[in-house]
Amino acid sequence: MVTFLAGGTGTPKLLDGLGASSFDPRETTVVGNTGDDVELGGLLVCPDLDTVLFDGGGVLDRERWWGIDGDTTETHEELHRLADAAGLDGGPRYLSDDAQTGGRRIARWRRFSGVAEFMELGDRDRAVHVTRTSLLDEGHSLTEVTRLLADAFDLDVTLLPMSDDPVASVVHTDEGPMHFQEYWVGRRADPAVRDVEFRGAADADPTDEVLTALDSPLVVGPSNPVTSIGPMLAVPGVREALESTPVIAVSPFVEDTVFSGPAADLMRGVGYEASTAGVAAAYPFADAFVLDDADGTELDRPVVRTDTRLDGPDDAARVMGAVEAALEAVS
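Residues numbered from 1 in each chain as written. Predicted model: local features only at pLDDT ≥ 70, side-chain atom pairs only at ≥ 80, totals over all residues. Heavy atoms only, no water.

## Observations concerning the overall build of the protein chain
Then step 1. When helices and strands are tallied, the protein chain shows 13 helices and 15 strands.
Then step 2. A compact globule built from 331 residues should have a C-alpha radius of gyration of about 20 Å, and the protein chain, at 19 Å, falls within 12% of that.
Then step 3. Structurally, the protein chain occupies a C-alpha span of about 60 × 45 × 35 Å along its principal axes.
Then step 4. When the 331 residues of the protein chain are sorted by exposure, 55% land in the buried category.
Then step 5. For the protein chain, the accessible area works out to roughly 13,600 Å², and carbon and sulfur atoms hold 46% of it.
Then step 6. Of the charged side chains in the protein chain, 25 are positive and 61 negative, and the gap between their average positions amounts to 4 Å. (Helix = DSSP H or I, 4+ residues; strand = E, 2+ residues; numbered from the N terminus. Rg over C-alpha atoms; globule rule 2.2 N^0.38 Å. Buried < 20%, exposed > 50% of the residue type's maximum accessible area, 1.4 Å probe, protein only. Areas by Shrake-Rupley, 256 points an atom, 1.4 Å probe, with all protein chains shown as cover. Lys, Arg positive; Asp, Glu negative; His and termini not counted. Charge placed at Lys NZ, Arg CZ, Asp CG, Glu CD.)

Here it is as structure tokens:
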């Protein structure tokens, strides 16, 4: 059995190599970040869970690594047409402070109006969020809902949210605090980062299912260490669990060059060097690392090197092979 911590696109891309590895997908668990989740127009959107869900279900838009391939966006376009016709400003439009902590508990601190929605949701994609939100309102936990959706998409792996409690990644910038999705999607990572807060994490609990999964050998894929993996590490009990099991980490950097996304700015914003060395400092629990062939960073732990690009299934199979080699070295 093996467990992957997944957020953003890095780890889902790595999971494409699962079938070419010795890991049995039926005995593989993926714990997904929920710090990036938002409630948009009353619907709970779980981007990192959905990337794994859609990829495993064979419907992911692999050009964007977001949403469903070939999806239409008529509802999204009509929302913008209505807002423009009514003279309403576009988003991100936060709901009031009182509304942020009222109603559905799992959506705390990340509620946005659906007026001129600032995140594009496809029509089939939206159906997933309607189903998820409705099942939550019927009394199911996010873990239960995720299992039902995974069954609907015929996933081979077990997909778990990191917690059934609300945790929101709030980026503190020169222009004030903003939810990660406002910073990344709404503002295109423009404001300078001063810190990142995982609001609610101290009061959140990992589920029994997550704690069981963290007993297995664990892989931290090449996801953003701050806003993809950081929310999970902030939940009490998770970091301690990682210190008691073999952990392999794949660096999202080649020395001081990041493959994609805002990881470099976020790493510097929270006080880490934006580099592989900074990732190693952020992951003291990691027993070994997978680094790129061109990455000459010297670490105080075992290292397996390969070409760590993840542009397709063949790349994923190659990097997954390096993960297996690193895991064998520390097991």
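There is more to say after this.
## Re unusual backbone geometry
Then step 1. Of note, the bond from Gly91 into Pro92 is cis; its omega dihedral lies within 30 degrees of zero at 0°.
Then step 2. Mapping Pro92 onto the fold places it in the loop between helix H3 (74-86) and helix H4 (97-100).
Then step 3. Positioned with a positive phi, Ala189 is a non-glycine residue whose angle comes to about 60°.
Then step 4. Among the structural elements, Ala189 can be located in the loop between helix H7 (180-186) and strand E9 (193-199).

## With respect to the packing of aromatic side chains
Then step 1. Per the counting criterion, the structure on display carries six aromatic pairs.
Then step 2. Here Phe54 and Phe153 contribute two aromatic rings whose centre-to-centre distance is 5.5 Å and whose plane-to-plane angle is 50°, an arrangement assigned as tilted. Taken together, the positions of Phe54 in helix H2 (residues 47-56) and Phe153 in the loop between helix H6 (142-152) and strand E6 (158-161) put the pair 99 residues apart, joining distant regions of the chain.
Then step 3. Judged by its relative accessible area of 2%, Phe54 is buried.
Then step 4. Ring centres of Tyr94 and Phe112 lie 4.4 Å apart, and the angle between their planes is 35°; this geometry places the pair in the tilted category. In this pair, Tyr94 is assigned in the loop between H3 and H4 and Phe112 in strand E5 (residues 111-112), connecting sequence segments 18 residues apart.
Then step 5. Classification of Tyr94 as partly exposed rests on a relative accessible area of 36%.
Then step 6. Since its relative accessible area comes to 1%, Phe112 is described here as buried.
Then step 7. Three or more aromatic residues joined by ring pairs form one cluster here, namely Tyr94, Phe112 and Phe118. (Phe/Tyr/Trp six-rings, centres within 6.5 Å; stacked < 30°, edge-to-face > 60°.)

## Remarks on the sheet that holds E9
The strands that make up a sheet are held in pairs by hydrogen bonds between backbone atoms, and each pair lies either parallel or antiparallel.
Then step 1. On the basis of which strands lie adjacent, the open sheet formed by three strands has the order E8-E7-E9 and antiparallel pairing. Of all strands in the sheet, those bounded by a partner on one side alone are strand E8 (176-179) and E9. Across the sheet, the mean angle separating the axes of adjacent strands is 25° when strand polarity is ignored. (Pairing = 2+ DSSP bridges. Axes fitted to C-alpha atoms, helices over the stretch in contact; angles between N-to-C directions.)

## Details of the layout of surface pockets
Then step 1. Its boundaries defined by the atoms lining it, the largest pocket holds a volume of some 940 Å³.
Then step 2. Gly8, Thr9, Arg64, Trp65 and Trp184 are the residues nearest the centre of the largest pocket, which is lined by 37 residues in total.
Then step 3. Only helix H1 (10-15), H2 and H7 provide two or more residues apiece to the lining of the largest pocket.
Then step 4. Class assignment of the residues belonging to the lining of the largest pocket gives a composition of 15 nonpolar, 13 polar and nine charged. (1 Å grid on protein atoms, 1.4 Å probe; cavity = no way out; pocket = protein on both sides within 12 Å on 5 of 7 lines; lining within 4 Å. Points joined across faces, edges and corners; volume = space filled by probe spheres on them. Nonpolar A, V, L, I, M, F, W, Y, C, P; charged D, E, K, R; others polar.)

## As for the pattern of salt bridges
Then step 1. Applying the stated criterion across every chain yields a total of 22 salt bridges.
Then step 2. The closest approach of N and O atoms between Arg132 and Asp50, which form a salt bridge, is 2.4 Å. In this pair, Arg132 sits in helix H5 (residues 123-137) while Asp50 sits in helix H2, placing the two residues 82 residues apart along the sequence. Considered together, Arg132 and Asp50 belong to a single accessibility category, that of buried residues.
Then step 3. The partner of Glu120 in a salt bridge is Arg64, with the nearest N and O atoms 3.0 Å apart. In this pair, Glu120 sits in the loop between E5 and H5 while Arg64 sits in the loop between H2 and H3, placing the two residues 56 residues apart along the sequence.
Then step 4. In the salt-bridge network here, residues are joined through shared partners; they are Glu39, Arg104, Arg111 and Asp137. (Salt bridge = Lys/Arg side-chain N within 4 Å of Asp/Glu carboxyl O.)

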